[in-house]
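Chain residues, written in single-letter form:
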Amino acid sequence: MLIADDEEHVREGIELSIDWAKFGVEQRLMAENGAEALQLLREHKPAVLFCDMSMPEMNGMELLQRIREEGWDTQIIVVSGYDDFVYTKAAIRAQGVDYILKPFRKADLEQALERAIAAWSRKENSLRDERETEHRLRQAGALLDEQKLALYLKGEAAYHEGIRSLIYKTGLSAERMSAAFLLPQNRMELVDRRFSGDGELFWFAVNNIAHEALRRYGSHYLCRIDEYQWVLLTSAEQQGSPDLHRSYIGKVTGAWETTLGLQALAGLCAKEAAVESLPSAIQEARAALLQLSVFRAAGGAGAAHPAQSAKLPGFAAQEVLLLNALKNKDKLYIAEIIRSFVQSLQRRGSLSLKELQLCTSEANLMLEKEARQLTQKHATDLSVPLWISDLGEWEKSVVRQWWALIEEEGGEASGTRGIQPIRDYIDKHYHDNISLSDLSELFHFSPQYIAKKFKELYNTTVMTYMTELRMEKAASLLTHTELSVSEIAGMIGYADENYFSKVFKKQNGVPPLSYRKMHRGS
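Quick look at the structure, then.

### Examining the packing of aromatic side chains
A complete count under the given rule lists 19 aromatic pairs for this structure. For the ring pair Tyr152 and Tyr159, a centre distance of 6.1 Å and an interplane angle of 55° mean the geometry is tilted. Pairing Tyr217 with Tyr248 gives two aromatic rings, centres 5.2 Å apart and planes at 40°, and the pair type is tilted. In this pair, Tyr217 is assigned in the loop between helix 8 (199–214) and strand 7 (220–224) and Tyr248 in helix 9 (residues 242–260), connecting sequence segments 31 residues apart.

What follows is the structure, encoded as structure tokens:
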């Protein structure tokens, strides 16, 4: 709020006449003349201006004209000692909310302020809606471009001039690019624990970190083929050698690990590629990746797979044991069988990605076969992603799919008996960093079963329910304690105070401190 008047007692009179907290006004600025008011307006962009018409250096008419010319959204309330049509006309041109004569009444000031804030809010909401619409359209356009390029890179779409246009949009040269094929190793864990199951938010963070790591080194583009397969294209014009390209990939993967704890395998194409030859370059990078070990060596992920004389254990050899456990609906035994198999892979000392994919293919064939027998349908949802490259993530994924077989057959408790204990656990541990993966391991249900049944029984998602519990506790602490926002955020499970404040505002409509003021009447 800005009050511009050359008379101090008038400025004080306006300030003392209004119950500012009632209108949500947190900051009031004072100006003695029009020039000072214009400077404050440019610096602070106040929502409302109380403006006198007769002031030194720059009078009210000049000030209103400058506001109109510069296009400010500040709402104008003229408070003047002159009942002059020229002044009134200036206020109308500036789209003023009201013209109040001195001496003013408190009721007139507050009524004018209420109208001004309402007008400002409408305009702000309209601008916000426009910005959000533009942002969504840009996001949708970028996602569509990524999907088109992904189809081409996978070899599922033929080359056409539109592909060249997509490359130009990224800033890359269509004639000289370097390609790398990347696999996130611990994606599932990070999405669950750090991003509350939000895969899009995870990808947003991954993309931003890659951009920050490479923005000094020329044009680049990170493209999702799917959740586990990523392609990084960089400009070969600024590189000059394969070693430099490798160093760029190292910068990206190193930044991911430092910032997010994300580990990644990378396969590189040794040759430069033009846009027409990108799919073959990706195939070469993918082939290089398949030879890498999924175990992290002392030098980090991506070490070449050493010669291995020990025979690769076959997952198909576990079929008899798994079928017996499936028949008895014994989830713990299923987990034990799969864990034992993974341990046999670890004892081998080395495991290439290609070898792990052989195990994945065997696991998926077995899952599909059993799903058809049990449910008489193709097991499109019961499969392990082929490009998982972390043994721990692979184990969890296989276990969950076998558990889901039992659940699809109806081998779980009906009603609330299976899910009520999960809700009770969340009620007691909402301040912990609980993920669907944690609940899956604790209660021996697949994450998809928990998510589905929880929504059916309680008409909300697990994460939404936990967020609402946290926000209820935060609201109580803000109202009844003197704890700081940072302390409250930590108590209910948020390490980042800013993120907590955003979630709180989304839930309650106001930031934490404003909520505290409102509910304490101060």
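Next comes the rest of the description.
### So, a negative patch on the surface
A surface patch of like charges, here negative, comprises Asp6, Glu8, Glu12, Glu32, Glu36 and Glu57. Along the chain, Glu8 falls in helix 1 (residues 8–17).

### Focus: the nonpolar core
The biggest cluster of nonpolar side chains holds 64 residues, and the ones touching the most others in it are Leu149, Leu153, Ile167, Phe315, Trp394 and Trp402. Looking at which element gives the most residues to this core, the answer is helix 14 (residues 391–408), with nine residues. Aside from chain neighbours lying at most four places away, what touches Leu153 is Cys223, Ile225, Val231, Leu278, Pro279 and Ile282. Grouped together as the second largest cluster of nonpolar side chains are 31 residues, Leu439, Tyr449, Phe500 and Tyr515 included.

### A look at the side chain of Gln229
Locating Gln229 in the fold gives a position in the loop between strand 7 and strand 8 (230–235). For Gln229, a relative accessible area of 7% corresponds to the buried category. Of the polar contacts made by the side chain of Gln229, one reaches the side chain of Asp226; its length is 2.7 Å. Once you skip the residues sitting within four places of it in the chain, Gln229 turns out to touch Phe181, Leu182, Leu183, Cys223, Arg224, Arg286 and Trp387.

### Points about the packing of helix 2 (residues 34–44) against helix 3 (residues 60–70)
Two elements in contact, helix 2 and helix 3, have axes separated by 10 Å at closest approach and are oriented at 25°. One way to sum up the angle between helix 2 and helix 3 is to call them roughly parallel. Crossing handedness for the pair helix 2 and helix 3: right-handed. The segment helix 2 lies against helix 3, with Gly34, Ala37, Leu38, Leu41 and Arg42 engaging Leu63, Arg66, Ile67 and Glu70. Class assignment for the residues of the contact of helix 2 with helix 3 results in five nonpolar, one polar and three charged.

### Here's the deal with the side chain of Ser389
Among the secondary structure elements, Ser389 is positioned in the loop between helix 13 (353–375) and helix 14. Taking the relative accessible area as the measure of exposure, Ser389 reaches 0% and is therefore buried. Once residues lying within four places of it in the same chain are set aside, the contact partners of Ser389 are Leu183, Pro184, Gln185, Leu265, Val294, Leu353 and Leu356.

### As for the sheet that holds strand 5 (residues 98–101)
Read across the open sheet, the five strands follow the order 2-1-3-4-5; overall the sheet is parallel. If you trace the sheet from one side to the other, it starts and ends with strand 2 (29–31) and strand 5, each paired once. Averaged over all pairs of adjacent strands, the angle between strand axes in this sheet comes to 15°, irrespective of strand direction. Pairing of strand 1 (residues 2–4) with strand 3 (residues 48–51) involves three bridges; the strand directions are parallel. By the bridge assignment for strand 3, Ala4 is matched with Cys51. Together, strand 1 and strand 2 form the strand contacts of helix 2, whose direction differs from that of strand 2 by roughly 150°. Docked against the sheet, helix 5 (residues 106–153) engages strand 3, strand 4 (75–80) and strand 5, running at close to 160° with respect to strand 4.

### A few points about a nonpolar patch on the surface
Together, Leu201, Phe204 and Tyr499 line one region of the surface with nonpolar side chains, adding up to about 300 Å² of accessible area. Of note, Phe204 is situated in helix 8.

### Some details on the sheet that holds strand 6 (residues 177–184)
The strands making up a sheet are joined through hydrogen bonds of the backbone, oriented either antiparallel or parallel. In spatial order, the strands read 7-8-6-9; together these four strands make up an open sheet with antiparallel pairing. Only two strands of the sheet have a single neighbouring strand rather than two, namely strand 7 and strand 9 (264–268). Here the average twist between neighbouring strands, direction ignored, is 25°. Pairing analysis gives five bridges linking strand 7 to strand 8, with the strands arranged antiparallel. Directly across from Leu222, in strand 8, lies its bridge partner Leu232. Against the sheet, helix 5 contacts strand 7 and strand 8, and its axis sits at roughly 80° relative to strand 7.

### A word on the environment of Phe295
Summarising the element assignment, Phe295 is placed in the loop between helix 10 (278–290) and helix 11 (319–327). Distance in space between the C-alpha atoms of Phe295 and Gly349 is 8.4 Å, their sequence separation being 54 residues. In this view, Phe295 contacts Leu345, Gln346, Gly349, Ser350, Leu351 and Leu391; residues no more than four positions away in its chain are not counted.

### Focus on unusual backbone geometry
Residues other than glycine seldom take positive phi values, yet Lys45 does so here, at roughly 50°. With respect to the helices and strands, Lys45 occurs in the loop between helix 2 and strand 3. Here the phi dihedral of Glu57 falls at roughly 65°; this positive angle occurs in a residue that is not glycine. Along the chain, Glu57 falls in the loop between strand 3 and helix 3. Glu57 gets classed as exposed once you look at its relative accessible area, which sits at 71%.

### Thoughts on the pattern of salt bridges
Counted according to the given criterion, the structure contains 27 salt bridges. Measuring nitrogen to oxygen at the nearest pair gives 2.8 Å for the salt bridge that ties Arg176 to Glu272. Taken together, the residues span a long stretch of sequence, with Arg176 in the loop between helix 6 (161–170) and strand 6 and Glu272 in the loop between strand 9 and helix 10 at a distance of 96 residues. Under the relative-accessibility criterion, Arg176 is labelled partly exposed at 31%. One connected set of salt bridges, linked through shared partners, spans Asp5, Glu7, Asp52 and Lys102.

Definitions and limits used
Every chain's residues receive numbers from 1 upward, in the order its sequence appears when written. Thresholds applied to this predicted model are a pLDDT of at least 70 for local features of residues and 80 or more for the giving and counting of side-chain atom pairs; totals over whole chains, interfaces and linings are not thresholded and use all residues. With hydrogens and water excluded, all non-hydrogen atoms of the structure serve as input to the side-chain values. Each aromatic pair joins two rings of Phe, Tyr and Trp (for Trp, the six-membered one) with centres within 6.5 Å, and gets the label stacked for planes under 30 degrees apart, edge-to-face for over 60, and tilted for any other angle. In this description a helix means any DSSP run of H or I spanning at least four residues, a strand means any run of E spanning at least two, and both kinds are numbered starting from the N terminus. Patch membership requires more than 30% relative accessible area and the absence of a salt bridge. Residues of like charge join within 9 Å; the nonpolar side chains Val, Leu, Ile, Met, Phe, Trp and Tyr join within 5 Å. Only the protein chains shown count as cover for residues, and all accessible areas are computed by the Shrake-Rupley method using a 1.4 Å probe. Salt bridges are defined as contacts in which a side-chain nitrogen from Lys or Arg sits within 4 Å of a carboxyl oxygen from Asp or Glu. Charge assignment in this entry is limited to Lys and Arg as positive and Asp and Glu as negative, and neither His nor the chain termini are counted. For charged residues, the charge sits on one atom: NZ in Lys, CZ in Arg, CG in Asp, CD in Glu. As used in this record, nonpolar core signifies buried Ala, Val, Leu, Ile, Met, Phe, Trp, Tyr and Cys residues forming a set joined through side-chain atoms within 4.5 Å. Relative accessibility thresholds used throughout: buried, under 20% of the residue-type maximum; exposed, over 50%; partly exposed, between the two (1.4 Å probe, protein chains only). Residues are treated as being in contact if the distance between any of their heavy atoms lies within 4.5 Å. Side-chain atoms alone can form a polar contact between residues adjacent in sequence; in general such a contact is a pair of N or O atoms within 3.5 Å, and within protein one must be able to donate a hydrogen while the other accepts it. Here an angle of 0 to 180 degrees is reported between the N-to-C directions of two axes, which are lines fitted to C-alpha atoms, with helices fitted over the stretch in contact. Oblique is the label for any angle not covered by the other classes, which are roughly parallel (under 35 degrees), roughly antiparallel (over 145) and roughly perpendicular (65 to 115). Left-handed describes a crossing whose near helix is turned anticlockwise from the far helix through less than a right angle; right-handed describes the clockwise counterpart. Residues are sorted three ways: Asp, Glu, Lys and Arg are charged, Ala, Val, Leu, Ile, Met, Phe, Trp, Tyr, Cys and Pro are nonpolar, and all the rest, Gly among them, are polar. We treat two strands as partners when DSSP finds at least two bridges between them.

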